[in-house]
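Each chain, written out:
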Amino acid sequence: MKRIIVTGSNGQIGVELVPYLREIYGAENVLATARRKVPGTVSEGGPFELLEVRDGKTFSELIGNFKADAVVHLAGILSARGEACPQESWDINAGGCFTALECAREHGTAFFFPSSIAAFGPSTPADNTPQDTIQRPTTIYGVAKVTGELLCDYYHLKFGLDTRGLRFPGLISYEAMPGGGTTDYAVHIYYEAASKGKYTSYIAPGTQMDMMYMPDALESVVQLMEADPSRLVHRNAYNISAMSFDPDQIAASIKKVIPSFEISYDVDPVRQGIAESWPNSLDCSAAKAEWGFAPKYDLDVMTVDMLERVKGKNRNS
Ligand code: SER
């Protein structure tokens, strides 16, 4: 990658990936795009353009004018919000991905697609979920993610496009809040632990999900995009995860830093149902073997860092 265009730059991943890419590739070589211009590093730390990802004409013009050689397509609606607006979710997530791939094909750019643990469903083996396995998701978000994975495979096979993708687990970060996801509780809990010393979880105890701290996710995107293509057997949608925990385990980790912290439960049936349909823990051996995936943060190391960062934010706000 030399000149990169990023969609969905104001989202939880985008607000950190854009500055990270600008640091590595040079600010002038990373064009951030989003539906809205929000003051801050994304729109002020380098080139920025407004883009609605279903507008293929503008999208293609931006790629051409910027002479981009890679599209990092992040724009999307998360799982729980998607269940409240399935049609719009399909349109943006699957339709947006198709439009983005078409634009990438026109200009012959590399393409990154963030898939998700949501690409699996209740019939998928839940423990040590294999790289290649049953994918029958039951959310519209998951259906669009499987579609995106298949489209990326298709564009590679049919048109030789250099498509690559990761199945992200729940991502935990402190720069921007995730919005409308199922794994979001694992972010909210740190904010409330730091500000109130307690948290009411909408996910039930015993519900295991894969997670990862944002610095590992950012590094994984660049590692995959820069990996030697001859080693990429799977290419699209590698399982990646750094840890798997349930609400009690993250609460126990927080208690090591804030002994008085307390967790209680008020389970949301929609998000609980989604969480139960997803794997407990992924097998990441393909990512390790094919491009050297090696996350650095485990639960306790992440907890110490998250609580520090979140406290700093509370102090400054
Ligand atoms: N974190 C996402 C969600 O919860 C999963 O990819 O929707």
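Computed from a prediction, not measured in an experiment: that's the story for all the values here.

## A few points about the site of the ligand
Part 1 of the argument: Around the ligand, a shell composed of Leu78, Ser79, Ser116, Tyr141, Gly181, Thr182, Thr183 and Trp278 is seen.
Part 2 of the argument: A distance of 2.6 Å is found between an oxygen atom of the ligand and a side-chain nitrogen or oxygen belonging to Ser79.
Part 3 of the argument: Tyr141 places a side-chain nitrogen or oxygen 3.0 Å from an oxygen atom of the ligand.
Part 4 of the argument: In the complex, 93% of the free accessible area of the ligand, which totals 230 Å², lies under the protein chains.

## Observations regarding the pattern of salt bridges
Part 1 of the argument: Within the structure shown, the criterion is met by 13 salt bridges.
Part 2 of the argument: Where Glu149 meets Arg167, a salt bridge forms, and the shortest distance between an N and an O atom there is 2.8 Å. Of this pair, Glu149 sits in helix H6 (residues 140-159) while Arg167 sits in strand E6 (residues 163-168), and the two are 18 residues apart along the sequence. Accessibility assignment for this pair places Glu149 and Arg167 in one class, buried.

## Digging into helix H7 (residues 185-196)
Part 1 of the argument: Buried residues of H7: Tyr185, Ala186, Val187, Ile189, Tyr190, Tyr191 and Ala193, and no others.
Part 2 of the argument: The positive-phi residue at the C-terminal boundary of H7 is Gly197, with phi of around 75°.

## Side note on the nonpolar core
Part 1 of the argument: Judged by nonpolar contacts, the single largest core of 76 residues is most densely connected at Ile172, Tyr185, Tyr190, Phe245 and Trp291.
Part 2 of the argument: Among all residues touching Trp291, those that are not within four sequence positions of it are Leu166, Ser220, Gln223, Leu224, Ala227, Arg231, Leu232, Tyr238 and Ile240.
Part 3 of the argument: Formed by 22 residues, the second largest nonpolar core is a distinct cluster that contains Leu62, Cys103, Phe113 and Tyr155.

## A word on the sheet that holds strand E9 (residues 209-213)
Part 1 of the argument: With mixed pairing, three strands are arranged side by side in an open sheet as E7-E9-E11. Unpaired on one side and paired on the other, strand E7 (170-172) and strand E11 (243-245) mark the two borders of the sheet. Between one strand and the next, the sheet's axes are offset by a mean angle of 40°, whatever the strand orientation.
Part 2 of the argument: As paired elements, E7 and E9 share three bridges and run parallel to each other.

## Digging into the layout of surface pockets
Part 1 of the argument: The computed volume of the largest pocket comes to approximately 1000 Å³.
Part 2 of the argument: Those elements that place two or more of their residues in the lining of the largest pocket are strand E2 (30-34), helix H4 (79-84), helix H5 (86-107), strand E5 (110-116), H6 and E7.

## Regarding the packing of H7 against helix H9 (residues 247-257)
The relative placement of two packed helices is expressed as an angle between their axes plus a distance between the axes.
Part 1 of the argument: It is the contact of H7 with H9, at a shortest axis distance of 11 Å, that shows an interaxial angle of 30°. Taken together, the axis directions place H7 and H9 in an arrangement best described as roughly parallel. As for the relative orientation of H7 and H9, their crossing is right-handed in sense. Contacts from Tyr185, Ala186, Ile189, Tyr190 and Ala193 in H7 reach Pro247, Ile250 and Ile254 in H9.

What counts and how
Residues numbered from 1 in each chain as written. Predicted model: local features only at pLDDT ≥ 70, side-chain atom pairs only at ≥ 80, totals over all residues. Heavy atoms only, no water. Near = heavy atom within 4 Å. Polar contact = N/O pair within 3.5 Å; in protein donor to acceptor, adjacent residues only side chain to side chain. Areas by Shrake-Rupley, 256 points an atom, 1.4 Å probe, with all protein chains shown as cover. Salt bridge = Lys/Arg side-chain N within 4 Å of Asp/Glu carboxyl O. Helix = DSSP H or I, 4+ residues; strand = E, 2+ residues; numbered from the N terminus. Buried < 20%, exposed > 50% of the residue type's maximum accessible area, 1.4 Å probe, protein only. Core = buried A, V, L, I, M, F, W, Y, C linked by side-chain atoms within 4.5 Å. Contact = heavy atoms within 4.5 Å. Pairing = 2+ DSSP bridges. Axes fitted to C-alpha atoms, helices over the stretch in contact; angles between N-to-C directions. 1 Å grid on protein atoms, 1.4 Å probe; cavity = no way out; pocket = protein on both sides within 12 Å on 5 of 7 lines; lining within 4 Å. Points joined across faces, edges and corners; volume = space filled by probe spheres on them. Parallel < 35°, antiparallel > 145°, perpendicular 65-115°, else oblique. Left-handed = near helix turned anticlockwise from the far one by under 90°.

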